[in-house]
Amino acid sequence: MKQLRLILCVICLTALLGCGGDAVAPPLIIGGDRIKITFNDGEIAIDNPYDSVGVQIQNDSGHIIITSTLPSPLIIEVSGKTSDGQIKYYSGATPAMSIYLNNIDITNSRGGSAINIQSKLPTQIININGTTNYLNDSKTYPKTDEDEKATVFSEGDLTFSSDGTNGLLTISSNSNKHAICSDKKLEMRSGNIFIKKSGNDGIHTNDLIMLSGGKITMSDIAGDGIQTDGDIMLHSGTYDIMCVKHGFNIEKNTYISGGTLTIKVSGDGSKCINSTGDILISDGKLDLTATGNAYYDTDEEDMKSVAGIKCDKDVLITNCDMKISVTGLGAKALNCQHNLMINNGNFDISATGESYCHSKDTSKVRGIKCDSNIVINGGNFRIYTPYEEPFLALGAEGISCTTITITGGTFDITSGDDCISAGSELWANGIIDIRGGVLLCNATYNDAIDCNGKIYISGGLIVANGAGGIEDGFDCDAYGFYVMGGTIIGTGGSRTIVTDLLCSSNLVNYSGKDGDEICIKDHNDNVVMMYKHTKFTNSPNDNLEILFSTQYLLNGDYTLLYGGHISGGTNQKGYITGGTYSGGTEYKFTISKRYTLIPASDDAIDI
């Protein structure tokens, strides 16, 4: 049912994208006569060719009020500078209105917005090519029955665009209002907008936001960068957001199919992307940075932690370039409440910090966290969660979920705690199912791959380097370790529990010393496996257990070389291919069953 819901979301995304710009507003109005309003401080020039056919313009000491009953689209061009002015527009009949900005500089010092659209019909704001425009609201707003929520406010659909590639619109909110607000839909089609500051959200809407082109830059935003009670669709363009709260705060679904998105958030519990609905990403470049600490929300009785991406429902990623860096108590890079599926893309994920402990809950640092199911079918992943706390249960993990299925992809995971962890700490309900891919894992202080349940491996290359002492490369607490294929190497200070009846591949466990370099050769002197161990960071002893399996490890006679040195070759977290082994001591052994211990007794080889 969950996968079906994701498929339906993809169909919905395709349908919405097919709407293009028409999903928000009609095409730009490029013909017809224009009303021209020119500010020159205390003087105002008004040219109104529609004065006798339905458009009335009132000048209230620089505050311009336009009322239109014109049944056709209307164009207004504004220019000049005023230290106390406003454009206010009323219409219940004009199907669309366009405001062309021609080197306009409006500051409203009397009170309220710079542009206030009191019409529920579509409005377009067009930045004329080559112009520089400024819109500033007042520190205070009048108390009226009308909504007036932002420096640029509209009761209806609002579209921003430009009639060329050059030009800049700078918007500042000097109040506790938003910089841009629409009570309906909003679209960014083209042009360059700089939201210099805002006492609340940078952009705020009650409906769909479509980002289909142009550039938006935000800095000094006290609230959310972009907030909507509807969906958000990012199709193309460049968006650079710096704010205190959430970069994207979406009440419904988030669709990203292109564009470049850079978000930096800095508040406690803040998220770069926070979506109550589903998140679907099919392309684009994302660079997300979150800094702040977790806290316990007493009103909602829930923990709030910083995150690069936080989704309350399902996340589907089919392709993208994504970099996420989060820092702080309880920080999480990618936090999904339901199901997560990744099919392709490049991911650079970093999460650093300590856990946040509250009397009612604990928020732990995680690279990728999901509460239900994770399915990864491809992609390139670097996951870095290095922090380790005195209590291992509070350490930073790379990937954490109840059920994790990996069919492909390349993974380079370095963590203080488990690199990959599944299942509840109280119930053996976890499943880790690895069917393909390349997984290179280093856990500094705990198990590399840890499942409170069952581990299934049927393909791929898995190098799982755990810590010394009581830690394993693979740990499933005797609930079931199934190896049916692939190449695996698991290292730690403790031996992985293996039941040979559960495996259809041969496995060999070598008991040696911390820092060993070993080589396995078959009876024809062919190298089956070489491994070079990096010494444990902190271990009560120098015991080393190496569990390995490969398709070339068949029944028959083999030679183990230990105490020598590996030179050259390709090193994948200790697994060496193409190298040369020199020196060392030989140990002969025979494989005649699924699980073989080297040496045959439980005593380690005396090197």
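Here, the structure is the one placed above.
Residues numbered from 1 in each chain as written. Predicted model: local features only at pLDDT ≥ 70, side-chain atom pairs only at ≥ 80, totals over all residues. Heavy atoms only, no water.

Caption draft 1: A look at the overall build of the chain. A count of helical and extended segments in the chain gives 1 helix and 60 strands. For the C-alpha atoms alone, the extent of the chain along its principal axes is close to 105 × 45 × 45 Å. The buried share of the chain, taken over its 607 residues, is 57%. Within the chain, residue pairs in contact and separated by at least 24 positions form 65% of the contacts whose partners lie at least 6 positions apart. (Helix = DSSP H or I, 4+ residues; strand = E, 2+ residues; numbered from the N terminus. Buried < 20%, exposed > 50% of the residue type's maximum accessible area, 1.4 Å probe, protein only. Contact = heavy atoms within 4.5 Å.)

Caption draft 2: Structural detail: the environment of D450. Mapped onto the fold, D450 is located in strand β44 (residues 449-451). By relative accessible area, D450 is classed as buried at 11%. For the pair D450 and D361, spaced 89 residues apart in the sequence, the C-alpha separation amounts to 22 Å. When neighbours within four sequence positions are excluded, D450 is seen to be in contact with D418, I420, S421, A422, I432 and D475.

Caption draft 3: Structural detail: the pattern of salt bridges. All told, the structure shown has 17 salt bridges when counted by the stated rule. Two residues, E77 and R34, come together in a salt bridge whose shortest N-O distance is 2.8 Å. On the criterion of sequence distance, the pair formed by E77 in strand β5 (residues 74-82) and R34 in the loop between α1 (2-19) and β1 (35-40) is long-range, its members being 43 residues apart. Classification of E77 as buried rests on a relative accessible area of 11%. On the basis of relative accessibility, which here comes to 26%, the residue R34 falls in the partly exposed class. Linking E155 and K120 is a salt bridge whose minimum nitrogen-to-oxygen distance equals 3.6 Å. In this pair, E155 sits in the loop between β11 (150-154) and β12 (158-162) while K120 sits in the loop between β8 (115-118) and β9 (123-127), placing the two residues 35 residues apart along the sequence. Here K120 falls in the exposed class, since its relative accessible area comes to 54%. (Salt bridge = Lys/Arg side-chain N within 4 Å of Asp/Glu carboxyl O.)

Caption draft 4: Quick peek at the sheet that holds strand β56 (residues 570-572). Strand order in the open sheet made by the 6 strands is β56-β57-β52-β51-β54-β59, with antiparallel pairing throughout. In this open sheet, the two strands that pair with only one neighbour each are β56 and β59 (585-591). If you compare each strand with its neighbour and ignore which way they point, the axes differ by 25 degrees on average. As defined by bridge partners, strand β51 (residues 517-522) adjoins strand β52 (residues 527-532) across 5 bridges and the pair is classed as antiparallel. Opposite E517, over in β52, you have K532 as the bridge partner. (Pairing = 2+ DSSP bridges. Axes fitted to C-alpha atoms, helices over the stretch in contact; angles between N-to-C directions.)

Caption draft 5: Examining the side chain of T385 more closely. Turning to its location among the elements, T385 is positioned in strand β37 (residues 380-385). Exposure remark for T385: the relative accessible area of 0% places this residue in the buried category. One polar contact links the side chain of T385 to the main-chain carbonyl oxygen of E397, over a distance of 3.4 Å. A polar contact is formed between the side chain of T385 and the backbone nitrogen of G398, at a distance of 3.5 Å. When neighbours within four sequence positions are excluded, T385 is seen to be in contact with A351, R366, G367, A396, E397, G398, T414, S415 and G416. (Polar contact = N/O pair within 3.5 Å; in protein donor to acceptor, adjacent residues only side chain to side chain.)

Caption draft 6: Broad picture of unusual backbone geometry. Of note, the amide linkage connecting I598 to P599 takes the cis form, showing an omega dihedral of -5 degrees. Locating P599 in the fold gives a position in the segment after β60 (595-598). For E301, which is not glycine, the phi torsion reads 50 degrees and is therefore positive. Secondary-structure assignment places E301 in the loop between β25 (295-297) and β26 (302-304).

Caption draft 7: A look at the nonpolar core. Grouped together as the largest cluster of nonpolar side chains are 116 residues, with contacts concentrated most on F160, L211, F248, I273, I420, F474 and F481. When sequence neighbours within four positions are dropped, the list of residues in contact with I420 reads I399, I404, I406, I413, I432, L439, C441, A448, I449 and D450. Counting 23 residues, the second largest nonpolar core, distinct from the first, contains V463, V508, F536 and F548. (Core = buried A, V, L, I, M, F, W, Y, C linked by side-chain atoms within 4.5 Å.)

Caption draft 8: Structural context of the packing of aromatic side chains. In the structure shown here, the tally under the stated rule is 5 aromatic pairs. Consider the rings of Y558 and F589, whose centres lie 5.8 Å apart with planes at 20 degrees: the pair is stacked. Placement of the pair is Y558 in strand β54 (residues 556-562) and F589 in strand β59, with a sequence separation of 31 residues. For Y558, a relative accessible area of 5% translates into the label buried. Using a relative accessible area of 7% as the deciding quantity, one classes F589 as buried. Through a chain of ring-to-ring contacts, three or more aromatic side chains come together here, namely F347, F381 and F411. (Phe/Tyr/Trp six-rings, centres within 6.5 Å; stacked < 30°, edge-to-face > 60°.)

Caption draft 9: Main features of the side chain of H63. Here H63 is to be found in strand β4 (residues 63-68). When its relative accessible area of 6% is taken as the criterion, H63 is described as buried. Reaching out from H63, the side chain makes a polar contact with the side chain of D84 at a distance of 2.9 Å. For H63, the side chain forms a polar contact with the side chain of R110, separated by 3.5 Å. Apart from residues lying up to four places away in sequence, H63 is in contact with Q58, D84, G85, Q86, N108 and R110.

None of the figures reported here should be taken as evidence of function without further support.
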